[in-house]
Amino acid sequence: MDISYINGVNLGNWLVLEKWMNPALFDGTTADDEYYLPTQLSPEVYEARIKTHRAEYINERDFATIKSWGLDSVRIPVPYFIFGDRAPFIGCIEELDKAFNWAEKYGLTILIDLHTAPMSQNGFDNGGISGVCKWAQLPDEVEFVLTVLERLAQRYGNREALMGIEIINEPNTTTSWPMMNVTERYKAVDPELAEGTGPIEFDWLKDFYVTAYHRLRDAEHGALPEDKAVVFHDGFDIWQWKDFMRGEDGKLAPEFVNVILDTHQYLMTAEMMGCPQTVEGYDDFVRNTYAPMIKEMSEYFPVIVGEWCLFNSVGCGVDTHGGQSVLNGEEGAQVEALTPAEKRDLYQGVAKSQLEAWSHGSGYYYWNYKLLTDTVNTPGWIGWDAWDLGRCIAQTWFPTPSGRN
């Protein structure tokens, strides 16, 4: 399969729930993540709510829309309980089957992204359970994840639409742990369950990736054809992977075929790293940090930016990290909202610079296809629509691939 360049979008919050993207799903509960949602609803209400959401949130028309934008691929986050074997959670393999049928009908490819793991690989709300990160410490659950990957490969390995399988999304490593501050940012509902929570060591992660690669490829396990990619996330430290899977000659060892490195780069993370919250600051950071980083690491693996978007503190009208605001210069302040023209200029600028940076690699998947922003009532956050690619395109913030030619 030719993966010379991917123009893609994520179908987040379809099969893996994220409360901030559709809070109405959590109405009547205090749950903040998918782990606790079924504990606060009757089985009948939980099943009806989940099945209705899955049927309405993404359907065939969405695949037709994505194709009409000139995109060529979708990244679909799936949960570890996709096969319906981890009660009380409801499997979603039938929905993924439909996605493959729709993708093949409209000429799109699919990157299957295993987005969650039992007891979580990152402790984020999007990892299934907030404030808990213990999966890598539990050998039985590590093995379970490997069996999920195998079954996905067996089921979809020969489908025309399959671009590849991503081993696990955003493992929270020793590099990212201090910045992500999981134990403070996400208060565990059950402190006893969260006991032992901690980051994943890179040596362990690298060994796991190699094991997962072989379990996906080996004939007696996943039997994933070599024309389908095995994708691994960088664990929030892209520089860790220069010597990964290398032979004595420094080249990719011949046993590893069609392997792709996935990195997730958000402007809000750049702000945490000191990027000035100004139009010029974003542009300089992207051109002088992101672009050379993608270019250099592409010498070792094909690199995709599996998650990114236009969202930033200036666009949302809040100085979220205590830096100088482009609008009024006050630190940590609620700032005046941009006019529609100012917002358009801002987002068009950061779209242009980021797309140019990603062009040094093998493509991207925008996060996200859609966001039900009308359900979000967080005070001050007025820029959430930048996470919604459809709204970005409709407001001419984001240039579709066909429009760039």
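Residues numbered from 1 in each chain as written. Predicted model: local features only at pLDDT ≥ 70, side-chain atom pairs only at ≥ 80, totals over all residues. Heavy atoms only, no water.

Visitor: What exactly am I supposed to notice about the overall build of the protein chain here?
Guide: A count of helical and extended segments in the protein chain gives 14 helices and 8 strands. Expected size for 405 residues packed as a compact globule is a radius of gyration near 22 Å; at 20 Å, the protein chain falls within 12% of this value. For the protein chain, the spread of C-alpha atoms along the principal axes amounts to about 60 × 55 × 45 Å. Each of the 405 residues in the protein chain was classed as buried or not, and the buried ones make up 56%. (Helix = DSSP H or I, 4+ residues; strand = E, 2+ residues; numbered from the N terminus. Rg over C-alpha atoms; globule rule 2.2 N^0.38 Å. Buried < 20%, exposed > 50% of the residue type's maximum accessible area, 1.4 Å probe, protein only.)

Visitor: I would appreciate a short explanation of the environment of Val 314 in the present structure.
Guide: Along the chain, Val 314 falls in helix α11 (residues 313-316). What makes Val 314 buried here is its relative accessible area of 6%. Each C-alpha atom of the pair Val 314 and Thr 197 lies 34 Å from the other, and the pair is 117 residues apart in sequence.

Visitor: Help me out: how do you make sense of the UniProt feature "domain: Glycoside hydrolase family" (unreviewed entry) in the protein chain in this one?
Guide: Mapped onto the present numbering, the UniProt feature "domain: Glycoside hydrolase family" (unreviewed entry) falls at residues 55-313. As a span, residues 55-313 carries 38% helix and 13% strand, and end to end its C-alpha atoms are 33 Å apart. (UniProt positions renumbered as here; feature names shortened; annotations may be inferred.)

Visitor: Mind showing me how you'd approach the layout of surface pockets here?
Guide: Using a probe with the size of a water molecule, rolled over the atoms, empty space left in the structure can be pinpointed. There is about 210 Å³ of room inside the second largest pocket. Forming the walls of the second largest pocket are 14 residues, and the residues nearest its centre are Lys 51, Arg 54, Glu 94, Glu 95 and Lys 98. Every element with two or more residues in the lining of the second largest pocket is listed here: α1 (43-57) and α3 (93-106). Counting residues per element, the lining of the second largest pocket draws most heavily on α3, at 5 residues. Of the residues assigned to the lining of the second largest pocket, the class counts are 7 nonpolar, 2 polar and 5 charged. (1 Å grid on protein atoms, 1.4 Å probe; cavity = no way out; pocket = protein on both sides within 12 Å on 5 of 7 lines; lining within 4 Å. Points joined across faces, edges and corners; volume = space filled by probe spheres on them. Nonpolar A, V, L, I, M, F, W, Y, C, P; charged D, E, K, R; others polar.)

Visitor: Sorry if this is basic, but what is going on with unusual backbone geometry here?
Guide: Both trends apply: most residues other than glycine have a negative phi, and most peptide bonds are in trans. Cis peptide bonds are those with omega within 30 degrees of zero, and the linkage from Ala 87 to Pro 88 qualifies with 10 degrees. Checked against the element boundaries, Pro 88 lands in the loop between β2 (73-78) and α3. Cis geometry is adopted by the peptide bond preceding Asn 368, which originates at Trp 367 and carries an omega value of 20 degrees. As for its placement among the helices and strands, Asn 368 is situated in the loop between β8 (363-366) and α13 (389-394). Of note, the phi angle at Asn 13 is positive, near 70 degrees, even though the residue is not glycine. Looking at the secondary structure, you find Asn 13 in the loop between β1 (6-10) and α1. By relative accessible area, Asn 13 is classed as buried at 1%. Phi is positive for Phe 236, close to 65 degrees, though the residue is something other than glycine.

Visitor: What's the story with the side chain of Asn 13 in this structure? I'm lost.
Guide: A polar contact of 2.8 Å, which involves the side chain of Asn 13, links it to the backbone nitrogen of Glu 18. Within polar-contact distance, the side chain of Asn 13 engages the side chain of Tyr 57 at 3.5 Å. Those residues in contact with Asn 13 that lie beyond four places of it in its chain are Glu 18, Met 21, Asn 22, His 53 and Tyr 57. (Polar contact = N/O pair within 3.5 Å; in protein donor to acceptor, adjacent residues only side chain to side chain. Contact = heavy atoms within 4.5 Å.)

Visitor: Hey, could you run me through the environment of Thr 269 in this one?
Guide: Tracing the sequence through the fold places Thr 269 in helix α9 (residues 267-272). Its relative accessible area of 21% is what places Thr 269 among the partly exposed residues. For the pair Thr 269 and Ile 76, spaced 193 residues apart in sequence, the C-alpha separation works out to 23 Å.

Visitor: I keep staring at the packing of helix α2 (residues 60-68) against α3 and nothing clicks. Help me out?
Guide: Packed helices, taken two at a time, are described by the angle their axes make and the gap between the axes. Across the interface, α2 lies against α3 with an axial gap of 9 Å and an inter-helix angle of 35 degrees. Once α2 is placed against α3, the crossing between them reads as right-handed. Residues Glu 60, Phe 63, Ala 64 and Lys 67 of α2 pack against Ala 99, Trp 102, Ala 103, Lys 105 and Tyr 106 of α3. Here the contact of α2 with α3 is built from residues that sort into 6 nonpolar, no polar and 3 charged. (Axes fitted to C-alpha atoms, helices over the stretch in contact; angles between N-to-C directions. Left-handed = near helix turned anticlockwise from the far one by under 90°.)

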